[in-house]
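Results of the structural survey
Residues per chain, in single letters:
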Amino acid sequence: MKIGIVLYPTFGGSGIVATELGKALAEKGHEIHFISYNHPVKLDHFLPNIRYHEVRPFHYPLFDYQPYELALTSKLVDVTRYENLDVLHVHYAIPHASAAYFAKQILKTHNIDIPFITTLHGTDITLVGKHPSFEPVITFSINESDAVTVVSESLKRDTFQHFAISNQIEVIPNFVKHSHYNGELNEYDIAKRKQLAPNGERIISHVSNFRRVKRIGDIVRVFAKVIEKIPARLVLAGDGPERHKIEQLCTELGVCDKVELVGNVQTASEIYRISDLFMLPSETESFGLAALEALASGVPVISSKSGGIPEVNKQGYSGYLSDVGDIDEMAENALKILSDDATLAKFKEQAYQHSLNFGIEEILPKYEAIYNRLVEQKTVQS
Ligand code: GMT
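Parameters and conventions
Residues numbered from 1 in each chain as written. Predicted model: local features only at pLDDT ≥ 70, side-chain atom pairs only at ≥ 80, totals over all residues. Heavy atoms only, no water. Helix = DSSP H or I, 4+ residues; strand = E, 2+ residues; numbered from the N terminus. Rg over C-alpha atoms; globule rule 2.2 N^0.38 Å. Contact = heavy atoms within 4.5 Å. Areas by Shrake-Rupley, 256 points an atom, 1.4 Å probe, with all protein chains shown as cover. Lys, Arg positive; Asp, Glu negative; His and termini not counted. Charge placed at Lys NZ, Arg CZ, Asp CG, Glu CD. Buried < 20%, exposed > 50% of the residue type's maximum accessible area, 1.4 Å probe, protein only. Pairing = 2+ DSSP bridges. Right-handed = clockwise from strand over helix to strand, strands pointing away. Arc of directions from axis to C-beta. Disulfide = S-S within 2.5 Å. Domains from an automatic or database assignment. Buried area = accessible area lost by both parts, 1.4 Å probe. Salt bridge = Lys/Arg side-chain N within 4 Å of Asp/Glu carboxyl O. Polar contact = N/O pair within 3.5 Å; in protein donor to acceptor, adjacent residues only side chain to side chain. Axes fitted to C-alpha atoms, helices over the stretch in contact; angles between N-to-C directions.

**Notes on the overall build of the protein**
Scanning the protein for helices and strands turns up 14 helices and 13 strands. For the protein, whose C-alpha radius of gyration is 22 Å, the value lies close to the compact-globule estimate of 21 Å for 382 residues. Principal-axis analysis of the C-alpha atoms gives the protein an extent of 70 × 45 × 35 Å. Taking all contacts inside the protein whose residues are at least 6 apart in sequence as the whole, residues at least 24 apart take part in 69%. Looking at the protein as shown, the accessible area adds up to about 16,900 Å², and 51% of this sits on carbon and sulfur atoms. With 38 positive and 48 negative side-chain charges, the protein shows a spacing of 0 Å between the two charge centroids.

**Quick word on the pairing of strand β11 (residues 277-280)**
Across the two faces of β11 the burial is the same, with Leu277 and Met279 and Phe278 and Leu280 all buried. Of the pairings in the sheet, the one linking strand β8 (residues 202-207) to β11 comprises 2 bridges and is parallel in character. For Ile204, the partnering residue across the bridge sits in β11 and is Leu277. Between the parallel pair β11 and strand β12 (residues 301-304), the chain is carried across by helix α11 (residues 289-296), and the sense of this crossover is right-handed.

**Topic: helix α7 (residues 187-196)**
Within α7 the residues assigned to the buried category are Asp189, Arg193 and Leu196. With its buried residues spanning 70 degrees around the axis, α7 presents them on a single face. The exposed residues of α7 that point more than 90 degrees off its buried face are Glu187, Lys194 and Gln195. Packed against the buried residues of α7 are β8, β9 (232-237), β10 (259-263) and α10 (269-273).

**Re the state of the cysteines**
Inspection of the entire model under this criterion finds 0 disulfides. Between Cys250, a cysteine without a disulfide, and Cys256, which holds the nearest cysteine sulfur, the sulfur-to-sulfur distance is 5.0 Å.

**Details of the domain arrangement of the protein**
When the domains of the protein are assigned, the result is domain 1 (2-175 + 360-381) and domain 2 (178-358). Contacts between the two partners involve 21 residues from domain 1, matched on the other side by 17 residues from domain 2. When domain 1 packs against domain 2, close to 1,500 Å² is buried across both sides, 55% of that on carbon and sulfur atoms. Our count for the domain 1 to domain 2 interface comes out at 0 salt bridges. For the pair domain 1 and domain 2, the interface holds 7 residue pairs in polar contact (both at pLDDT 80 or more).

**Re the pattern of salt bridges**
The full count for this structure, using the stated rule, is 23 salt bridges. The salt bridge involving Glu20 is made with Lys23; its shortest N-O contact spans 3.4 Å. With a gap of 3 residues between them, Glu20 and Lys23 both fall in helix α1 (residues 13-27), about one helical turn apart. Residues Glu20 and Lys23 agree in their burial class; the two are buried. A salt bridge links Lys104 to Asp113; the shortest N-O distance between them is 3.7 Å. Given the relative accessible area of 32%, Asp113 is considered partly exposed.

**Digging into the sheet that holds strand β7 (residues 170-171)**
Spatially, 7 strands are ordered β3-β2-β1-β4-β5-β6-β7 in an open sheet, and the strand pairing comes out parallel. Where the open sheet ends on each side, the last strands, each with one partner, are β3 (50-54) and β7. Sheet topology note: the strand β2 (residues 31-36)/β3 ladder contains 5 bridges and is parallel. Counted as the bridge partner of His33 is Arg51 from β3. Helix α2 (residues 68-83) rests against β1 (2-6), β2, β3 and β4 (87-91) of the sheet, and its axis sits at about 160 degrees to β2. Packed on one face of the sheet, helix α14 (residues 360-381) meets β1, β4, β5 (116-120), β6 (147-150) and β7 and runs near 170 degrees to β6.

**Considering unusual backbone geometry**
For the bond running from Ile94 to Pro95, omega is -15 degrees, close enough to zero to count as cis. Among the secondary structure elements, Pro95 is positioned in helix α3 (residues 93-108). Positive phi outside glycine occurs at Asn84, with the angle close to 55 degrees. In this fold, Asn84 is placed in the loop between α2 and β4. Residue class for Asn84 comes out exposed when judged on its relative accessible area of 52%. Of note in this structure, Asn111 is not a glycine but carries a positive phi near 60 degrees. Note that Asn111 resides in the loop between α3 and β5. Residue classification places Asn111 among the exposed residues on the basis of a relative accessible area of 75%.

Quick look at the structure:
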């Protein structure tokens, strides 16, 4: 099948899920066309069955804001016509779902019927999408999608709560490709651990795009409590608007020498592999892909219990969950896991076992079933 995948090309979870999905589909023999404004960060060049199409908005001095959505719509029309796509799959509603709808209408005038699937990921519903500047367009484009999927039961509830939805919504959880994450530590990992924690300190980590919703300040505060009891180091990977505040907080709490802000990393698996504990205390999180990646690397997770995180992290098994902002309980739970080697080893194994519920082998056929259904419906109608 020829599938167009529209995505954000950045380090955000929706872009990573879309990229990994496309790569796995290509490995199964589908022809995948990624469409975005930049080459997706997690997409290698020259992979078989994969092509990348760049959306290049037209710059004109009249425009204070470049009309990206129109350029994307035109690109979708163009790629669908010239590559004979069977189906479009857009990840993150804004502005991808409405661009796909518009492209579909234009293509009808060329006697082409292209179905599109919208996968909702999180803030396209919970934070940004419900804002009055987007809400009518998001409601309309969800209802007009030929299929809609969400990454958790929690996001499905939020979607029905915030929008007047008349369409069906199917839950397809995010996934991991375990071969990316497990395996013995190599020489490089061991050297890295030694560099970060020269005296065998426990390593606590976090990976994100440093937005306020991630509550990274809570991580630093929990860490400050943990090191009152046991030696540990904190590795914060990623970058974004909160970084400066986090640096200030580390200074205030006097923990800067034990906190490593490593910036954006190309492969977050390098961080998980050397970690003993991962933290995700987010205000809201439709799924928490980073937590799943940590679990797949055998790293237990201390998280908040908001949104879809309880569908990913299992209380007392793969880690612990607390109310948002409950720093004291998070620190107690971190210490429960980290204080002795046997408990840590048990949680590491359980974390990995739990992640097996989210292997790509389980999830990929669910998307393929939707593509097949839409293409069959199209054939019946024509
Ligand atoms: O929605 C966002 O904030 C961005 C989005 C992304 O592109 O990273 O993250 C969301 O989608 C991820 C992949 O499905 C989920 O793992 C994240 O939990 C979700 N973020 C939020 O809900 C805050």
